[in-house]
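# Observations on the model geometry
Listed below, chain by chain, are the residues.
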Amino acid sequence: MPKYIFVAGGVMSSIGKGVATASIGKILEGKGFKVTAVKNDPYINVDAGTMNPVEHGEVFVTDDGTESDQDLGNYERFLDENLGSVNYATTGRVYLSVIERERNLEYNGRCVEVVPDIPNEVIRRIKAAGKKSRADFVLIEIGGTVGEYQNMLFLEAARMLKLQNPKDVLFILMGYLPIPEMVGEMKTKPTQNAVKMLNGAGIQPDIILGRSSQPLDEPRKRKISTFCNVDPKDVISATDAKSIYEVPLNYERENLSSRILSKFRMRPRKNNFKEWEKLIDTIHNATKPVKIGIIGKYFESGKFTLMDSYISVIESIKHAAWHYDRKPEITWLSAENYEENPKNLEELKEYDGIIIPGGFGSRGVEGKIKAIEYVRTNKIPFLGLCLGMQLATIEFARHACGLDKATSREFNPKTEQPVIDVMDEQKALINEKKFGGTMRLGAYDCELAVGTRAFEIYGNQKLISERHRHRYELNNDYRKTLEDCGLIMSGVNPEKNLVEIIELKNHPFFMASQFHPEFKSRPLRPHPLFREFIRCAAKQ
Ligand code: GLN
């Protein structure tokens with residue numbers, strides 16, 4: 001039976017619980033244990049797929065096609081493990097399965113109640129995740145903040161699991177310790193209050209992670225210990241880090257893994273952080289920049305710029321840059337600028353490479369097409385991801401094949417030249433308004449054409465598998481025309497004969513994929529497409 005570690009957050013959201021959970025996983029993995037992680041999100045949405053990225057952040061897609069929360073991306077990147085549906089529960093998901101089971105008479109005619117049936121379903125899922133990956137440790141991150149009405153049932157599940165298995169469950173609370181400018185001192189009260197609220201839910205934290213801009217000093221640790229009922233050694237500094245990948249090592253410096261293991265009366269099986277430490281050295285020491293521009297639109301929220309919508313793309317750029325000892329410098333470029341004034345395109349020259357990531361709807365699309373024309377003709381390395389491939393195809397069709405009305409059916413349902421079109425099965429779903437979880441999702445095979453650059457980049461492999469999330473496809477009716485004009489279709493899905501990768505010759509790097517390579521890049525194993533893109537960009 002695995003050990004279960006719950007991670008909840010106090011004080012406020014966005015204090016990095018996802019990274020904390022992934023980092024705890026990483027340090028336990030470094031001690032020789034198999035770890036998996038589960039995210040419990042309080043919202044009613046059955047998955048993250050229907051949410052606006054500006055509001056929710058990136059939708060991370062797993063191999064099995066789950067449209068999940070971005071934290072699963074962090075778990076995968078830190079633990080280097082492929083996760084799936086069992087690792088992700090929302091209130092909506094949990095209720096849906098309880099209600100479905102009730103409709104199937106699986107509760108033998110008894111009254112089905114919020115407590116205990118909902119927490120029991122949460123527990124069932126947590127156990128299933130542990131079983132699936134044969135984990136020694138299952139980490140469970142509870143979304144939201146303690147004290148919210150929304151996540152009470154997840155806390156209730158945590159409490160019940162501990163009651164059933166007192167020796168196998170541990171609670172970690174992540175608090176925030178502000179240093180208000182007018183006071184100039186680190187304050188512990190918000191964290192104390194969070195612990196009180198957690199106590200109100202019947203849970204006493206075993207360990208407290210104190211998130212702050214500075215390390216917690218002795219008086220602060222003592223105070224938290226006294227008022228929150230934990231050993232001072234179990235008050236761990238979670239100081240702001242330059243890179244999220246440093247966090248596991250910072251925790252280790254505070255002996256977090258040995259505190260956890262001793263509470264479970266376990267001993268480390270090994271001690272292996274070498275490769276990870278080397279990565280952190282590179283992150284600190286790489287000084288030569290590689291400048292990448294990302295042209296997107298899910299950046300702005302009022303006066304703030306959010307990077308969350310493209311987090312996997314950003315991380316993939318970093319992984320590849322570090323692989324070549326480069327310092328990644330990422331700039332957000334707004335597609336709408338190029339629509340207003342094409343002169344603004346000149347700024348693209350300042351970058352070593354340009355990425356156009358995924359996206360939906362027509363806003364900003366014409367600006368992106370202009371940018372692609374610019375990087376194609378000015379020989380600036382270019383990587384297109386999903387929507388990025390569709391737009392690269394449209395640009396090529398318009399300017400290299402003379403199909404000047406070329407577009408995607410997504411932007412103009414009545415277009416005469418749908419070089420990007422929707423498949424019949426998708427048409428039916430759209431007409432019936434069945435939008436949730438119905439895109440082409442998750443892992444699909446892709447056959448690479450021998451002799452192409454893609455084939456070479458993937459190490460001369462013929463068959464690869466990549467993750468998808470889209471409804472529209474390159475229209476096979478235009479394939480021959482596009483090919484005759486010089487567009488190379490270097491990857492094709494063998495079952496459905498759908499184009500997965502396009503590339504151009506006589507260009508330092510011009511490649512785009514219908515799938516999302518960013519979901520499979522790992523810090524120590526950058527994705528081949530990103531790696532080659534960065535290598536070429538670094539040469540600029
Ligand atoms: N909007 C496009 C489609 O649905 C691209 C999706 C994406 O970039 N993820 O096919």
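Presented here is an overview of the structure given in this document. Bear in mind that the values here come from a model prediction, so they are computed numbers and not experimental data. (Residues numbered from 1 in each chain as written. Predicted model: local features only at pLDDT ≥ 70, side-chain atom pairs only at ≥ 80, totals over all residues. Heavy atoms only, no water.)

## A look at the overall build of the chain
Selection rule: Each helix is a run of DSSP H or I of at least 4 residues and each strand a run of E of at least 2, with the numbering of both proceeding from the N terminus. When a residue's accessible area, from a 1.4 Å probe over protein chains only, is under 20% of the maximum for its type it is buried; when over 50% it is exposed; and in between it is partly exposed. Pairs of residues are marked as contacts when any of their non-hydrogen atoms sit within 4.5 Å. Charge assignment in this entry is limited to Lys and Arg as positive and Asp and Glu as negative, and neither His nor the chain termini are counted. For charged residues, the charge sits on one atom: NZ in Lys, CZ in Arg, CG in Asp, CD in Glu.
Of regular secondary structure, the chain possesses 19 helices and 23 strands. A principal-axis box enclosing the C-alpha atoms of the chain has dimensions of 75 × 60 × 45 Å. A burial count over the chain gives 58% of its 540 residues as buried. Of the contacts formed within the chain by residues at least 6 apart in sequence, a portion of 73% connects residues at least 24 apart. Both charge centroids of the chain, one from 76 positive and one from 73 negative side chains, sit 5 Å from each other.

## A look at the packing of aromatic side chains
What describes a pair of aromatic rings is the distance from one ring centre to the other and the angle between the planes of the rings. Condition: Here a pair means two rings of Phe, Tyr or Trp (six-membered ring of Trp) with centres within 6.5 Å. Their orientation is stacked below 30 degrees between planes, edge-to-face above 60, and tilted elsewhere.
Overall, the coordinates contain eleven aromatic pairs when judged by the stated rule. Aromatic pair Y245 and W276: ring centres 5.9 Å apart, planes at 70 degrees, arrangement edge-to-face. Within this pair, whereas Y245 is found in the loop between strand 9 (235–239) and helix 9 (247–253), its partner W276 is found in helix 11 (residues 274–285), the two being separated by 31 residues in sequence. Here Y245 and W276 have matching classes, each one buried.

## Things to note about the pattern of salt bridges
To keep it simple, the criterion reads: Any carboxyl oxygen of Asp or Glu within 4 Å of a side-chain nitrogen of Lys or Arg constitutes a salt bridge here.
All chains considered together, the criterion is met by 45 salt bridges. We note a salt bridge from K263 to D234, for which the minimum N-O separation is 2.7 Å. Pair noted here: K263 is in helix 10 (residues 256–263) and D234 is in the loop between helix 8 (218–228) and strand 9, with a separation of 29 residues, a long-range link. Classification of K263 as partly exposed rests on a relative accessible area of 31%. Where salt bridges share partners, they join D63, E76, D80, R467, R522 and R525 into one cluster.

## Some thoughts on the side chain of T438
Convention followed: Within 3.5 Å is the distance limit for a polar contact, defined as a pair of N or O atoms, with the added protein rule that one can donate a hydrogen and the other accept it, and that residues adjacent in sequence qualify only through two side-chain atoms.
If you trace the backbone, T438 turns up in the loop between helix 16 (424–431) and strand 18 (440–448). Classification of T438 by relative accessible area gives buried; the value is 16%. Reaching out from T438, the side chain makes a polar contact with the side chain of R471 at a distance of 2.9 Å.

## Section: the site of the ligand
Put simply, the test is: Neighbouring residues are identified by heavy atoms, a residue being near a molecule or strand if any of them is within 4 Å of it. Under the scheme applied, nonpolar residues are Ala, Val, Leu, Ile, Met, Phe, Trp, Tyr, Cys and Pro; charged residues are Asp, Glu, Lys and Arg; polar residues are all the others, including Gly.
Around the ligand sit G358, G359, F360, C386, L387, Q390, E410, R469, H470, R471, Y472 and H516, and those are all the residues in its vicinity. In this structure, a nitrogen atom belonging to the ligand sits 2.9 Å away from a main-chain N or O atom of G359. In this structure, a nitrogen atom belonging to the ligand sits 3.2 Å away from a side-chain N or O atom of H516. Residues of the shell around the ligand, tallied by class, amount to four nonpolar, five polar and three charged.

## Focus: the environment of K318
Looking at the secondary structure, you find K318 in helix 12 (residues 311–323). We classify K318 as partly exposed; its relative accessible area is 24%. Sequence-wise, K318 and L72 are 246 residues apart; in three dimensions their C-alpha atoms are separated by 18 Å.

## Some words on the sheet that holds strand 17 (residues 418–422)
Note the cut-off: For two strands to pair, DSSP has to find at least two bridges joining them.
Judged by pairing direction, the sheet is mixed, and its three strands sit side by side in the order 16-17-20 without closing on themselves. The open sheet terminates on both sides in strands that have one partner only, identified here as strand 16 (407–408) and strand 20 (472–474). Two elements, strand 17 and strand 20, share three bridges in a ladder whose sense is antiparallel. Paired with D421 across the two strands is E473, which belongs to strand 20.

## Regarding the environment of K162
Residue placement: K162 occurs in helix 6 (residues 152–164). Assessed through its relative accessible area of 25%, K162 is described here as partly exposed. When the C-alpha positions of K162 and E100 are compared, they lie 27 Å apart, and in sequence the two are 62 residues distant. One polar contact links the side chain of K162 to the main-chain carbonyl oxygen of V169, over a distance of 3.3 Å.

## Considerations on the packing of helix 4 (residues 91–103) against helix 5 (residues 114–132)
Note the threshold: All axes here are fitted lines through C-alpha atoms, helices being fitted over the stretch that makes contact, and every angle between N-to-C directions spans 0 to 180 degrees. Roughly parallel here means an angle under 35 degrees, roughly antiparallel means over 145, roughly perpendicular means 65 to 115, and every remaining angle is called oblique. Helix crossings get a hand from a simple test, with the near helix turned counterclockwise from the far one by less than a right angle marking a left-handed crossing and a clockwise turn marking a right-handed one.
Orientation of helix 4 relative to helix 5, taken along the N-to-C sense of each, is 110 degrees, at an axis distance of 10 Å. Put simply, helix 4 runs roughly perpendicular to helix 5. At the point where helix 4 passes helix 5, the crossing takes the right-handed sense. Contacts from R93, V94, Y95, S97, V98 and R101 of helix 4 reach helix 5 at V114, D117, I118, E121, V122, R124 and R125. Residue classes in the contact of helix 4 with helix 5 are distributed as six nonpolar, one polar and six charged.

## So, the nonpolar core
Selection criterion: What is meant by a nonpolar core is a set of buried Ala, Val, Leu, Ile, Met, Phe, Trp, Tyr and Cys residues, joined one to another through side-chain atoms within 4.5 Å.
Of all hydrophobic cores here, the largest spans 48 residues; its most connected members are I5, I24, F137, L209, Y251, L256 and I260. Per-element accounting of this core gives the leading share, six residues, to helix 1 (residues 17–30). Apart from the residues lying within four places of it in its own chain, the contact partners of I5 are L28, F137, V138, L139, I140, L170, I172, I260 and F264. Within the second largest apolar cluster, 42 residues are counted, among which are Y351, C401, L474 and F510.

## Quick notes on the pairing of strand 18
Pairing of strand 18 with strand 19 (residues 463–470) involves eight bridges; the strand directions are antiparallel. In the sheet register, D445 faces strand 19, and the bridge partner there is S465. Across two bridges, strand 18 lies against strand 21 (residues 488–493) in antiparallel orientation. From the neighbouring strand, L448 faces strand 21, where its bridge partner is G491.

## Considerations on the sheet that holds strand 8 (residues 207–212)
Here we have seven strands laid out as an open sheet, ordered 5-2-6-1-7-8-9, and parallel in their pairing. Taken across any chain shown, the strands that pair with only one partner, and hence form the sheet edges, are strand 5 (88–90) and strand 9. If you compare each strand with its neighbour and ignore which way they point, the axes differ by 20 degrees on average. Of the strands in this sheet, strand 1 (3–9), strand 2 (35–41), strand 6 (137–142), strand 7 (169–176) and strand 8 are in contact with helix 1, which crosses strand 6 at around 170 degrees.

## Brief notes about the side chain of R376
Looking at the element boundaries, R376 is found in helix 14 (residues 365–377). Sequence-distant contacts of R376, that is, excluding residues within four places in its chain, are made with E395, F396, H399, A400, L504, H507 and F510.

## Some thoughts on unusual backbone geometry
Omega for the peptide link from V115 to P116 comes to 10 degrees, which places this bond in the cis form. With respect to the helices and strands, P116 occurs in helix 5. One non-glycine residue, C386, adopts positive backbone phi at about 60 degrees. Looking at the element boundaries, C386 is found in the loop between strand 15 (382–385) and helix 15 (387–400). Of the residues examined, C386 reaches a relative accessible area of 5% and is grouped as buried. Phi at K433 takes a positive value of approximately 60 degrees, unusual for a residue other than glycine. Note on placement: K433 falls in the loop between helix 16 and strand 18.

So far we have only geometry, and geometry alone does not tell us how the molecule works.
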